[in-house]
Amino acid sequence: DMEPVPELVSQGDLKPEPEPTQTTGSPETMLDEKEDGSATETRPVDADDAPDTTTEALAAETQSDVTGEESQGTPSGDQSGDQWEPQSEGEQSEGEQSEPQSDGSVSETGETQDTSTLGEPEEPPVFEGTPGGLVENGQPTFDSRLSDEMERFRHKSFEADVLAAAAGEDAIGAASAYIFGADEASSGDGLGISPSGSGDTSASTDPVDLLAIAMRDDPVINAYLPPTLLGFDMLADGWFHQPTTPRGGGKNKFKVCIDQGAKSWDSAYAVGLDNLFRGGVCFDEVTEDNCDDADVVIFNEGVFLWGGGHRNAQGNIELPPKSHKDQVYLYFAHEAAGTFGWELRENNVMQQFDYLGYFDRTTSAVWWPFGPTLRSMLSDFKFFTRPRKNRVPGVAWLAVDCLPLRTRILQEIGEHFPVFSLGSCQNNAQAPAGLPGRGSGDARFQDLMSTYMFYFAVENGGECPGYATEKVFLALTRGSVPIYFGDENVLATMPTPESFVDLKKFDTPTKLAARLHAIATDDAVFDSVHAWRYQDPTTWSPGFRQLIRVMSTDIKYGVCHVLQKGTDVYPAAAAQNECDFDFSVMGQRVDAWPDHGAIKNPLEHFSKTCEEAREECWTFKEPERYSVEEGVTPASEFTQGERDAGDTNAGDT
C-alpha cells in the first residue's frame, strides 16, 4: 500500500536556505524518567539509496550526545559514610546540531572550529581516595587500572572523541578517528581483544569497532542501517499539508511555532531535541511567541502534565482554537500512556491534535524514541570493551521513582544475586564517586556505570506498547548487560536476543541468578552476550539499526515527511493503549511479587576484599548455589545456529 518512490532531487538542485531563525533559551529538565521507542515493520521506509539526496541528509549525522540516567545517592541506615542525597548537578541540555559553514568546517555548535587549539583530550577526573579505593564519605572510586593494552586503547579512544567532535559533519573524519590503523580489520571478525579480555590478542592489541569502519566506508547512505522514511522530497508537488502563505524560504517551507517555548520541554535524554527549535529542512522559521500565523504548532507533554497548561474552567485540557483551518497541531509525548502519560489515553484530549510524536511507532506519526546515535555508539565503545574481570559482578540500579512493580521484582532478584541500588529509591550501596547527576549522560557517567556487570533497566509499567527508555540502551552501549522485559515491538529494537537478559524467559529467580552468575564468572558466556558489538553491524536486528538511523537523523525530517504525506501514510492522533500486566517474570505474574521491604545488602552475597572493579575483590560466598539447574542451558553450549535463530530454551537467549 506504500506509494512508489518519487524521483529524488539532488541537494545541489535546491535553492540555498535562508539563515534559520533561532529560538531563545535551552530546554530545561522537568521530568523524572524518560522513555524510548521501538521499531516494527509497519511504518513506511524511505528510498535513501542515492548519495547526496534530500531523503535524510545522513551525512549530517552529528548528534554525538550521550544521555544519562536517573539521579543517584548513597545508602542510609547502618552503611558507612555520610548521607549523600540525590543530586541535580551536571544536568545539561543536549548539544546543538551543527550547521555547515561556508568553508565546509563545522562544529557541534554550528561554529567554525580551529582544531589546532583543541589541545590534549580531557581525561575523566580522578577522585583521590584511600588505598582501599574510597573517598572520605565512603564512595568507591573504581580507579583501578586495566591492562596496559586496554589503558592505551582507552587513551586513544578519548583522543578520538575530541577529533570526532572537531570533524563536525564530516562523517568520514569522525568515524576514522575511532579506527586505529585497522583498515585490514574490515574483513575480519573484529574482535581483537575478546570481550572478556582473555582472548588471543596476537592479531591486534586494540578492539576493532566495525561500526566505525562501516560509517567511514559509507558516510552518506549508511546502507548498513535500514531506511526509515519513504521518498521524502523537499521539492515535490502536492504535499498533503501546505503553508497558508508562501514563505521566503521557498517551496514547501512552513512557519513553525513552539507552544510555550523551548524552555517548557524536557530535554533530558532526548537526543537531538534542539534541532526541533531552529529552522532547516521544511522549517522556514521557528518562533516561540505568537502562534496565530504559524502553519504548524508543536505542543509538548510537559506543559500539560507538569505545567498545568491549556486548561479550561473545569480543569480539563483544552487547546486554543486554530487560527485557520489548515493549521497543523503536532503533539510530542515521552511518557507511557499506561503510567504517567494519562492524557494519552483520553480521546477528548488526543482528538484535539492532528498528529502524535511518540515512541510507539505503530500508533504515532513521528517516531520519537530514545536510543543511541552512531556517534554515541562509537564514543561508548571504549566502555563496552571493559573486560569481564574489571567489572563488579552485580546488578546496578539508579532510580528515584519507587513505583512498586519494578521495585518488588528487584527486591526478589536481590534475594538471590547481588544488587547495588545506587539511587535514592531502595538505596543499599554507595554510588561511585563523581558519578554525574541526572541528565548529564557524559562519558564520565558511562565510564563509571560500566564498572557494573549488569543494569536493571525494567520500566515503571508492565508491557507498554513500544515503551523503552534510555536506560536499556545506555546499558547496552557501555556493556552493562541489561536485565529487562518488554513487548514484541520493544524487543525488536534489541541488537540480538543474547545482548540482554529477558526476565520473561526464566521460570524461577534461582534460574535467573544462575544465568547471571554464569555471565559474571565464565569468559565464554560473557563473550557470547557481548559478541554483538564486535560483529558487522549488518548482523544486528533491523529494528535496532533503524533505531540508530532515526536517532542519528535530524528530527525535522520526520516532521517534514508527515507534512508531505499526511494521513495518506501516517495515523491521525488518537488515544493510546494501556500497559499489559497479564504475563509472568521469573515464574510469577509481573505485578504480583511480594514486598520484601528493602533490597538485600549485596555484601550478603559477596566476600569483599577491596573497593575496586576487579574480580578478585568480589568473591561469591556460596558459588554452589548458582549451579545451572535443569532446563537452563548455558549460552556457551548453544550452537551458532541456535543463537542466530533467537532460540529461547536457555534463559535470556
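Cut-off values and rules
- Residues numbered from 1 in each chain as written.
- Predicted model: local features only at pLDDT ≥ 70, side-chain atom pairs only at ≥ 80, totals over all residues.
- Heavy atoms only, no water.
- Helix = DSSP H or I, 4+ residues; strand = E, 2+ residues; numbered from the N terminus.
- Buried < 20%, exposed > 50% of the residue type's maximum accessible area, 1.4 Å probe, protein only.
- Contact = heavy atoms within 4.5 Å.
- Areas by Shrake-Rupley, 256 points an atom, 1.4 Å probe, with all protein chains shown as cover.
- Core = buried A, V, L, I, M, F, W, Y, C linked by side-chain atoms within 4.5 Å.
- Axes fitted to C-alpha atoms, helices over the stretch in contact; angles between N-to-C directions.
- Parallel < 35°, antiparallel > 145°, perpendicular 65-115°, else oblique.
- Nonpolar A, V, L, I, M, F, W, Y, C, P; charged D, E, K, R; others polar.
- Expected span 1.5 Å × (residues − 1).
- Disulfide = S-S within 2.5 Å.
- Pairing = 2+ DSSP bridges.
- pLDDT = per-residue confidence, 0-100.

1. Regarding the overall build of the chain
1) Next: Across its full length, the chain holds 15 helices and 15 strands.
2) Next: Looking at the chain as a whole, 60% of its 653 residues qualify as buried.
3) Next: For the chain, the proportion of contacts with a sequence separation of at least 24, taken over those separated by at least 6, is 77%.
4) Next: Carbon and sulfur atoms form 47% of the exposed surface of the chain, whose accessible area is close to 24000 Å².

2. Points about the nonpolar core
1) Next: Residues Ile409, Ile413, Phe454, Phe456 and Leu503 are the most contacted members of the largest nonpolar core, which totals 102 residues.
2) Next: In terms of nonpolar packing, the next biggest core, distinct from the first, is built from 35 residues, Met234, Tyr355, Ala365 and Phe370 among them.

3. Quick notes on the packing of helix H11 (residues 509-521) against helix H12 (residues 523-530)
1) Next: Between H11 and H12, the least distance of the axes is 5 Å, while the angle of their chain directions is 95°. By the criterion of interaxial angle, the relationship of H11 to H12 is roughly perpendicular. Residue-level inspection shows Arg515, Ala518, Ile519 and Thr521 of H11 in contact with H12, the latter providing Asp523, Val525, Phe526 and Val529.
2) Next: When its residues are assigned to classes, the contact of H11 with H12 shows five nonpolar, one polar and two charged.

4. Side note on the packing of helix H6 (residues 374-384) against helix H9 (residues 470-478)
1) Next: At their nearest, the axes of H6 and H9 sit 7 Å apart, and the two run at 65° to each other. Note on element contacts: H9 touches H6 through Leu476, Thr477 and Arg478, opposite Met377, Asp380, Phe383 and Phe384.
2) Next: By residue class, the composition of the contact of H6 with H9 is four nonpolar, one polar and two charged.

5. Examining helix H1 (residues 148-167)
1) Next: End to end, H1 covers 29 Å across 20 residues, agreeing with the expected 28 Å (1.5 Å per residue, within 8%).
2) Next: What H1 keeps buried is the set Met150, Glu151, Phe153, Arg154, Ser157, Phe158, Ala160, Asp161, Ala164, Ala166 and Ala167.
3) Next: Elements that come into contact with the buried residues of H1 comprise helix H2 (171-176), H6 and helix H8 (443-449).
4) Next: One or two residues past the end of H1 sits Gly168, with phi positive at roughly 60°.

6. Some details on the state of the cysteines
1) Next: Summed over all chains, the structure comprises five disulfides.
2) Next: Note on cysteine connectivity: Cys402 is disulfide-linked to Cys425, with sulfurs 1.9 Å apart. On the S-S bond that ties Cys402 to Cys425, the torsion sits near 130°, and the link is right-handed. One end of the pair, Cys402, is in the loop between strand E7 (392-397) and helix H7 (404-414); the other, Cys425, is in the loop between strand E8 (419-421) and H8, and 23 residues separate them in sequence.
3) Next: Going through the chain in sequence order and numbering each bonded cysteine, the pairs you get are 1-3, 2-7, 4-5, 6-8, 9-10.

7. Notes on the sheet that holds strand E10 (residues 481-484)
1) Next: In space, the five strands of this open sheet follow the order E8-E7-E9-E10-E11, with parallel pairing throughout. Each edge of the open sheet is held by one strand with a lone partner, namely E8 and strand E11 (501-502).
2) Next: The pairing of E7 with strand E9 (residues 452-456) spans three bridges and is classified as parallel. What sits directly across from Ala396, in E9, is Tyr455.
3) Next: Sheet strands in contact with H9 are E9 and E10, and its direction is about 150° off that of E10.

8. Structural notes on the confidence of the model for the chain
1) Next: In this model, the chain carries a mean pLDDT of 78, and residues with pLDDT of at least 70 account for 72%.
2) Next: In this model, residues 183-192 is a region of pLDDT below 50 whose contacts with residues beyond four sequence positions or in other chains number 18 contacts.
3) Next: Confidence drops under pLDDT 50 across residues 199-203; counting only partners more than four residues distant or on other chains, this segment forms three contacts.

9. Some thoughts on the pairing of strand E4 (residues 328-332)
1) Next: Judged by how many residues are buried, E4 sits mostly within the fold: five of five residues are covered.
2) Next: Sheet topology note: the strand E3 (residues 296-300)/E4 ladder contains five bridges and is parallel. When the bridges of E4 are listed, Val296 appears paired with Val328.
3) Next: Pairing analysis gives three bridges linking E4 to strand E5 (residues 355-358), with the strands arranged parallel. When the bridges of E5 are listed, Tyr331 appears paired with Leu356.

10. Considering the sheet that holds strand E6 (residues 366-367)
Across a sheet, paired strands are connected by hydrogen bonds in the backbone, their directions being either parallel or antiparallel.
1) Next: Pairing within the open sheet is parallel, and its six strands lie in the order E2-E1-E3-E4-E5-E6. Two strands lie at the open edges of the sheet, namely strand E2 (283-287) and E6, each paired on one side alone.
2) Next: Sheet topology note: the strand E1 (residues 254-258)/E2 ladder contains four bridges and is parallel. In the strand pairing of E2, Phe254 is matched with Phe283.
3) Next: Contacts from helix H14 (residues 555-565) reach E1, E2, E3, E4, E5 and E6, with the element oriented near 140° to E4.

11. A look at the environment of Ala573
1) Next: Along the chain, the position of Ala573 falls in the loop between H14 and strand E12 (584-585).
2) Next: A relative accessible area of 10% places Ala573 in the buried class.
3) Next: Ignoring sequence-local partners within four residues, the contact set of Ala573 consists of Met350, Phe353, Asp354, Tyr355 and Leu356.

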